[in-house]
Amino acid sequence: MSLNDTKAPHIQLAIKDHFDALSDKEKKYAHHFSRASHLGTRVILRQVSPESEDIYNLILAIAESVKQDYSKLVSESVSKDDVRSFLEYSSQFLSNLGNFKSFGDAKFVPRLEQAKFAAIAATANQTASFDKVADAIYSTDKTLLGFLDKGHVTAYYGGDITEDEITKINDFCASKTIYPENTRVWKTGPKQFELRIASADTGIAQDTQFDASYEIPDVGTLKLAYGDSKNEFAKISEEMAAAGKNAANHTQEQMIAAYVDSFKTGSMAAHRESQKFWVKDLGPAVETNIGFIETYRDPAGVRGEWEGLVAVVNKERTKKFGALVNGAKEYVSQLPWDAEFEKDVFTPPDFLSLEVLTFAGSGIPAGINIPNYDDIRLTVGFKNVSLGNILSSKSSNEKITFLEDKDLPLFEQLKGPAFEVQVGIHELLGHGTGKLLSQERDGSFNYDNANPPIDPNTGDKITTYYKAGETWGSVFGAMAGSYEECRAECVAMYLLTNKQLLEIFGHTGQEADDVIYIGYLLMARAGLLALEFWDPATRKWGQPHMQARYSIMRSFVDCGAVELKSTKPDFSDLTIHLDRSKIPAAQKAVGEYLNKLHIYKCSADFEKGSALYNATTNVSEEMAAYREVVMDSKQPRRIFVQPNTVLKDGNVELVEYEASEEGNIKSFLERQV
Ligand code: ZN
């Protein structure tokens, strides 16, 4: 439990230029898709906590009642600061779509006494609405999302249902191919359960193979109840159908038809169909996705949270990335290993840089890799997208910590451009490189096994390889994700110093040198901030990218290019000092690290690879001592203020809002969902 954030940076999603560049038809497609996405707002609120939807209604009713002139809420017992606290709570609530943080799943309560919130509600004639939820807003005995019988909160489940009953119901549903993503489960009486399925229709579809109810041994009766959030799904289906009329191609039409089927009837099989078309819809001007996607917030990990994305392809950046891919051969040849450890033909991963117009969900990620349906990923494929205006966003009141004053102006100026180059190399040349030395099913090898390549790190011949049926994931297991991110980040750091490559992104002369400097500083700072995601109690890392960045920062420190300076025993004045003249040394160090990561990956050498990665990501006593100051200087999470689109006289207009608590609340009021 915590109090709501104060002075959280609010950021307006930068989208106008990209949106304006769309054709009228594309704008209409984006508009209807956005409306469908936002119409799921209450669906999310209903998944988070039992009180979330009422709090949402209360906040909007108060704002409406004073016509958004919040000075009217000031009274004898309520100060201007109190009203500010109310606005801060409200904005954070709206951006998380609930009173639990989307990042960390912990409850937050108003930084405002209950009596003062009550007075604000009274001024706005909302006393009854406030009284209905006051206890739930302020209660601090259940502060985490999780199973009800374990003392936690969730609205994926209701009644006095236990984890054990949920597990048995989930297993039973899996055995009948009743997909769980768009459902919630309620215990309605002794041995009586309801599987609430999100759909516009309230009856079972004619052609479904499912029964109206099932007897589950040791559990009881499970009734299939269609029509959960039926009003919302009726409208969502309408908006999706309208989007379909503005589709750019037949694939999009088929995709939309499958979505409409799914949202009308509650069929998750139809949603799976939609995703097959989505994967095949390559390089659309307007990229989208919608449905019950990520399952992180269901304590059982199978029910999805509603999510709707509408984004515009960043044509300029896509062009730069294209040039990077065209020059890949040249750049890849500069990496520290021999051709034997590289693919014969460079195959860049499918990767798009998007600018977000709409993200309806409890929190906006910086990148997505979907669909999550494993069978579709294997047989049809998936898409890897990076959300540019989320990644490179910056707000005016965000403090940049741990840098020396002399570096601040250049950092502010080139942080975005340096990060753009880093992301491009990471995604395309980083993840795109490397040949896995493997034995094929027929016993043959994809390399000269009789005369294996030399490990450049030791001068010895390679002795290990991927046996038939083995994959990178199966050999490296739980470590694979972070290890691969680290390899890609190292490639980014190693090639960032390449002037020819920087020219693709428009950086020449002194600016190119500055981009290199800021790029290395950015990585060093990310590596220090990473300590937030390391748990001193278990000595475990919680975030794969941050674990990787920590180890790269360590390599900069170990070679003497970066120094962490502090004069105080509590490190409260800790700063990162990067010596410009030692960037070549840092690049050399990262190259040596990369060469080992790469060779061990290519040769399936888990023994050496895991020993290396465990050592480089181990947090020494010295580094662990910095964790407290990193935690203390943590800033509140950013709040993105999203625009709306409106259809006026057959034209779609973009309406943007001020980057503030007031602007965020206004965007929700005008959305009317
Ligand atoms: Zn990556």
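So, a few notes on the structure that sits alongside this text. Being a predicted model, the structure only gives us computed values, none of them experimental. (Residues numbered from 1 in each chain as written. Predicted model: local features only at pLDDT ≥ 70, side-chain atom pairs only at ≥ 80, totals over all residues. Heavy atoms only, no water.)

A few words on the packing of helix α18 (residues 480-495) against helix α21 (residues 544-558). Two elements in contact, α18 and α21, have axes whose closest approach is 8 Å; the angle formed by their N-to-C orientations is 45°. As judged from the angle between their axes, α18 and α21 are oblique. Considering the relative orientation of α18 and α21, their crossing is right-handed. Listed contacts from α21 to S482, E485, C486, E489, C490 and M493 of α18 are P544, H545, Q547, A548, R549, S551, I552 and F556. Each residue belonging to the contact of α18 with α21 can be placed in one class, and the counts come to 7 nonpolar, 4 polar and 3 charged. (Axes fitted to C-alpha atoms, helices over the stretch in contact; angles between N-to-C directions. Helix = DSSP H or I, 4+ residues; strand = E, 2+ residues; numbered from the N terminus. Parallel < 35°, antiparallel > 145°, perpendicular 65-115°, else oblique. Left-handed = near helix turned anticlockwise from the far one by under 90°. Contact = heavy atoms within 4.5 Å. Nonpolar A, V, L, I, M, F, W, Y, C, P; charged D, E, K, R; others polar.)

The next point concerns the coordination of the zinc ion. Ideal geometry at a metal gives 109.5 degrees between four tetrahedral donors and either 90 or 180 degrees between six octahedral ones. Protein coordination at the zinc ion: the donors are H426 (NE2), H431 (NE2) and E485 (OE), at 2.0 to 2.1 Å from the metal. If you list the donors of the zinc ion from N- to C-terminus, the spacing comes out as H-x4-H-x53-E. Linking H426 in helix α16 (residues 408-430) with E485 in helix α18, this pair joins segments that are 59 residues apart in sequence. With respect to class, H426 is no different from E485; both count as buried. (Donors = N, O, S within 2.8 Å, 3.2 Å for Na, K, Ca; no water. Buried < 20%, exposed > 50% of the residue type's maximum accessible area, 1.4 Å probe, protein only.)

Summarising burial for strand β13 (residues 383-387): 5 of the 5 residues are buried, a large majority. Note that strand β11 (residues 351-360) and β13 share 4 bridges and pair parallel. Looking at the pairing, L354 lines up with L387 of β13. In this structure, strand β12 (residues 367-370) lies alongside β13, joined through 4 bridges in antiparallel fashion. What sits directly across from G367, in β13, is S386. (Pairing = 2+ DSSP bridges.)

The next subject is the sheet that holds strand β8 (residues 220-228). Across a sheet, strands are paired by hydrogen bonds formed along the backbone, either parallel or antiparallel in direction. Here we have 5 strands laid out as an open sheet, ordered β4-β5-β6-β8-β7, and mixed in their pairing. Unpaired on one side and paired on the other, β4 (157-158) and β7 (213-216) mark the two borders of the sheet.

Before going further, it helps to examine the pattern of salt bridges. Proximity of charged atoms lets side chains of opposite charge pair with each other. In this structure the tally under the stated criterion is 36 salt bridges. The partner of K132 in a salt bridge is D54, with the nearest N and O atoms 3.3 Å apart. With K132 in helix α7 (residues 127-138) and D54 in helix α4 (residues 52-65), this pair connects stretches of sequence that are 78 residues apart. We classify K132 as exposed; its relative accessible area is 61%. E194 is the partner of R196 in a salt bridge, and the nearest nitrogen-oxygen pair spans 2.9 Å. Taken together, the salt bridges that share partners define one network made up of R42, R46, E53 and E232. (Salt bridge = Lys/Arg side-chain N within 4 Å of Asp/Glu carboxyl O.)

Further remarks concern the environment of T347. Inspection of the secondary structure puts T347 in the loop between α13 (328-333) and β11. Since its relative accessible area comes to 45%, T347 is described here as partly exposed. Separated by 19 residues in sequence, T347 and A328 place their C-alpha atoms 9.4 Å apart.

Pairing within the open sheet is mixed, and its 5 strands lie in the order β9-β10-β11-β13-β12. In this open sheet, the two strands that pair with only one neighbour each are β9 (286-294) and β12. Direction aside, neighbouring strands of the sheet carry axes that sit 35° apart on average. Where helix α11 (residues 268-280) meets the sheet, it contacts β9, β12 and β13, and its direction lies at approximately 150° from that of β9.

With 90 residues, the main nonpolar core has F33, F117 and M240 as its most contacted residues. Among the elements that line this core, the one with the most residues is α4, at 7 residues. The residues touching F33, leaving out its near neighbours within four places in the chain, are M240, A243, M255, I256, Y259, T288, N289, I290, L309 and V310. Counting residues in hydrophobic clusters, the runner-up holds 87 residues, among them A480, I516, F556 and V590. (Core = buried A, V, L, I, M, F, W, Y, C linked by side-chain atoms within 4.5 Å.)

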